[in-house]
Structure formats: structure tokens, C-alpha cells
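Descriptive structure summary
Residues per chain, in single letters:
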Amino acid sequence: GLHLFTIGESLDQPCATVSHMLSTDSRPVLCIDIVRVSRHCLMACVGDTSGKISLWNLPGATSVTNSVPGRDYVEQLCGPLPTSPVHIFNAHQCGTNCISATLMIRSPGKGEAQ
């Protein structure tokens, strides 16, 4: 599995550390690359020893402006965290030793709106 740690700091407030386990039914993680998709979204690409690559949609911004009684602190800090990857695919038969991800923005072609 993959452990997600969030550390929150505010002026005149104690530091808060929150842990969340991101898990799949796959084997040990060999590599990870995280790409910022937007202000509020990160995409984590995770490769494991079986050659599978899983894509995780993670929150990209954290803040607790007003504490809501009865709500979990993790959800207040990060929003709802994923319980499974958005997609898993078999990249090849051996372990995924290295992974590199990038965000590609398509330019409008001729006749397309900009």
C-alpha cells in the first residue's frame, strides 16, 4: 500500500499530522510520480513489482478554515480521500522500476474554438 501523510500548520495552533492508507490488491510499490493537474487536484502514478500502474486522484489543496463538529479531521483538511485508484493497467510483465508522468495540454486545431 501507499501511505499519504498530510501535515497541517497554522499560526498559534499545534501542528497536525494525518495519515491515510491508499491500498490496492497489488504488490509492493517500486516507483511513484505526482503531477499537479489543477489547484485542487494531484494525479499520482504508482508502479509496482507486478508491472501494474495505478492512477490516483488526490486533493491538491489543504485547508481548514472553519472546523465542523462531527466531521473527520482528515476530510476537513483534505476533502474526501480516495479509497481506490481511478484506473489500473498492466504496463508489462515485469516490475515498474521507474515512472515519469507529465500533463499534456492540447492546442486547439484549425476550426476549433480557443
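As a convention, each chain's residues are numbered from 1 in the sequence order in which they are written. Under the rules for a predicted model, residues below a pLDDT of 70 receive no local features and side-chain atom pairs below 80 are neither given nor counted, while totals for whole chains, interfaces and linings still include all residues. As a rule here, side-chain values come from all non-hydrogen atoms in the structure, and water together with hydrogens is ignored.

Considering the nonpolar core
Buried residues of nine kinds, namely Ala, Val, Leu, Ile, Met, Phe, Trp, Tyr and Cys, make up a nonpolar core once their side-chain atoms join them within 4.5 Å. The rule is simple: take the accessible area with a 1.4 Å probe, protein chains only, and divide by the maximum for that residue type; under 20% is buried, over 50% is exposed, in between is partly exposed. One finds L2, L22, L42, A44, V46, W56 and L58 forming the largest nonpolar core, which totals seven residues. Secondary structure elements with two or more residues in this core: β4 (41-48) and β5 (52-59). The helix count covers DSSP runs of H or I at least four residues long, the strand count covers runs of E at least two residues long, and both are numbered beginning at the N terminus. When residues in this core are grouped by element, the largest group, three residues, is from β4. Every residue pair with non-hydrogen atoms within 4.5 Å of one another is taken to be in contact. Apart from the residues within four sequence positions on either side, L2 is in contact with H20, M21, L22, I32 and V46.

A few points about the sheet that holds β4
The pairing criterion for strands is at least two bridges between them, as found by DSSP. With respect to topology, four strands assemble into an open sheet ordered β3-β4-β5-β6, the strand pairing being antiparallel. Here the strands that pair on one side only, and so sit at the sheet edges, are β3 (29-38) and β6 (87-90). Mean inter-strand twist for the sheet, computed between neighbouring axes without regard to direction, equals 20°. In the sheet, β4 pairs with β5 via seven bridges, with the strands oriented antiparallel. Residue pairing for β5: L42 is matched across the bridge by L58. Every axis corresponds to a line fitted to the C-alpha atoms, with the helix fit spanning only the stretch in contact, and the corresponding angles, defined between N-to-C directions, vary from 0 to 180 degrees.

Nothing here speaks to function; it is all geometry.
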